[in-house]
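Next come the chains, spelled out residue by residue.
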Amino acid sequence: MAGRASQRKGRAGELELSRILQGYGYPVEPGRAVSFGSTPDITGLPGIHVESKRAEQLRPYEWMAQAERDAVRFGDGLPAVFFRRSRSPWLVVMKLEDWIEMYRKVTKSPT
């Protein structure tokens, strides 16, 4: 039963995050329900592979490893983990070099 509850919580998180990103004007779509990794969690955020997590126990390195594998598999951009705990705001984790690559595209690079 815990597995099913976890799947529901994860799916609810994907839908919630999709609505938030859509509210910012991005044409994102959540993946299929219960796809078991056959589709990305969220598509439509150009240049970013979104790994969505709703969890109380934080495992950012494990999640990032999954995001990196899936970013290669789906070829949809830099891996980023979007996550939140219950009653907490959404946060985003990226590898520093990926964040720098993205940041340099929107600012004048020092190099």
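Here the structure is a predicted model, which is why all the values come from computation and not from measurement. (Residues numbered from 1 in each chain as written. Predicted model: local features only at pLDDT ≥ 70, side-chain atom pairs only at ≥ 80, totals over all residues. Heavy atoms only, no water.)

S.K.: Looking at this structure, I do not really get the nonpolar core. What am I missing?
M.R.: Generally speaking, a soluble globular protein has its nonpolar side chains buried in company with each other. Core analysis: the biggest nonpolar cluster contains 12 residues, these being Leu17, Leu21, Val28, Ile42, Leu45, Ile48, Val50, Leu78, Ala80, Phe82, Trp90 and Met94. In terms of residues, this core owes the most to one element, strand E4 (residues 78-84), which gives three residues. With residues near it in sequence (within four places) discarded, Met94 still touches Ile48, Met64, Leu78, Pro79, Ala80, Trp99 and Met102. Core analysis: the next-biggest nonpolar cluster, separate from the first, contains six residues, Ala55, Met64, Val81 and Phe83 among them. (Core = buried A, V, L, I, M, F, W, Y, C linked by side-chain atoms within 4.5 Å. Buried < 20%, exposed > 50% of the residue type's maximum accessible area, 1.4 Å probe, protein only. Helix = DSSP H or I, 4+ residues; strand = E, 2+ residues; numbered from the N terminus. Contact = heavy atoms within 4.5 Å.)

S.K.: What should I look at first to understand the side chain of Asp41 in this one?
M.R.: Position of Asp41 relative to the elements: it lies in the loop between strand E1 (29-30) and strand E2 (42-43). Of the side chains bearing the opposite charge, Lys53 lies closest to the buried Asp41, which forms no salt bridge; the N-O distance is 5.7 Å. A polar contact of 2.8 Å, which involves the side chain of Asp41, links it to the backbone nitrogen of Ser52. For Asp41, the contacting residues outside a window of four places in its chain are Glu14, Glu29, Pro30, Gly31, Val50, Glu51 and Ser52. (Lys, Arg positive; Asp, Glu negative; His and termini not counted. Salt bridge = Lys/Arg side-chain N within 4 Å of Asp/Glu carboxyl O. Polar contact = N/O pair within 3.5 Å; in protein donor to acceptor, adjacent residues only side chain to side chain.)

S.K.: Sorry if this is basic, but what is going on with the side chain of Lys53 here?
M.R.: For Lys53, the position within the fold is in strand E3 (residues 48-54). Engagement of the side chain of Lys53 in a polar contact is seen with the side chain of Gln66, the distance being 2.9 Å. Aside from chain neighbours lying at most four places away, what touches Lys53 is Trp63, Gln66, Val81, Phe82, Phe83, Arg84 and Trp90.

S.K.: For this particular structure, what's the right way to read the packing of aromatic side chains?
M.R.: The geometry of two aromatic rings is summed up by the distance between their centres and the angle between their planes. The tally for this structure, following the rule as stated, stands at two aromatic pairs. Measuring from ring centre to ring centre gives 5.5 Å for Trp63 and Phe83, while their planes differ by 55 degrees; the resulting arrangement is tilted. In this pair, Trp63 sits in helix H2 (residues 60-74) while Phe83 sits in strand E4, placing the two residues 20 residues apart along the sequence. A single burial state applies to Trp63 and to Phe83, both of which are buried. Here the aromatic rings of Trp99 and Tyr103 are separated by 4.7 Å at their centres, their planes lie at 10 degrees, and the arrangement is stacked. Residue Trp99 and its partner Tyr103 are located together in helix H3 (residues 96-106), separated by four residues, close to a single helical turn. (Phe/Tyr/Trp six-rings, centres within 6.5 Å; stacked < 30°, edge-to-face > 60°.)

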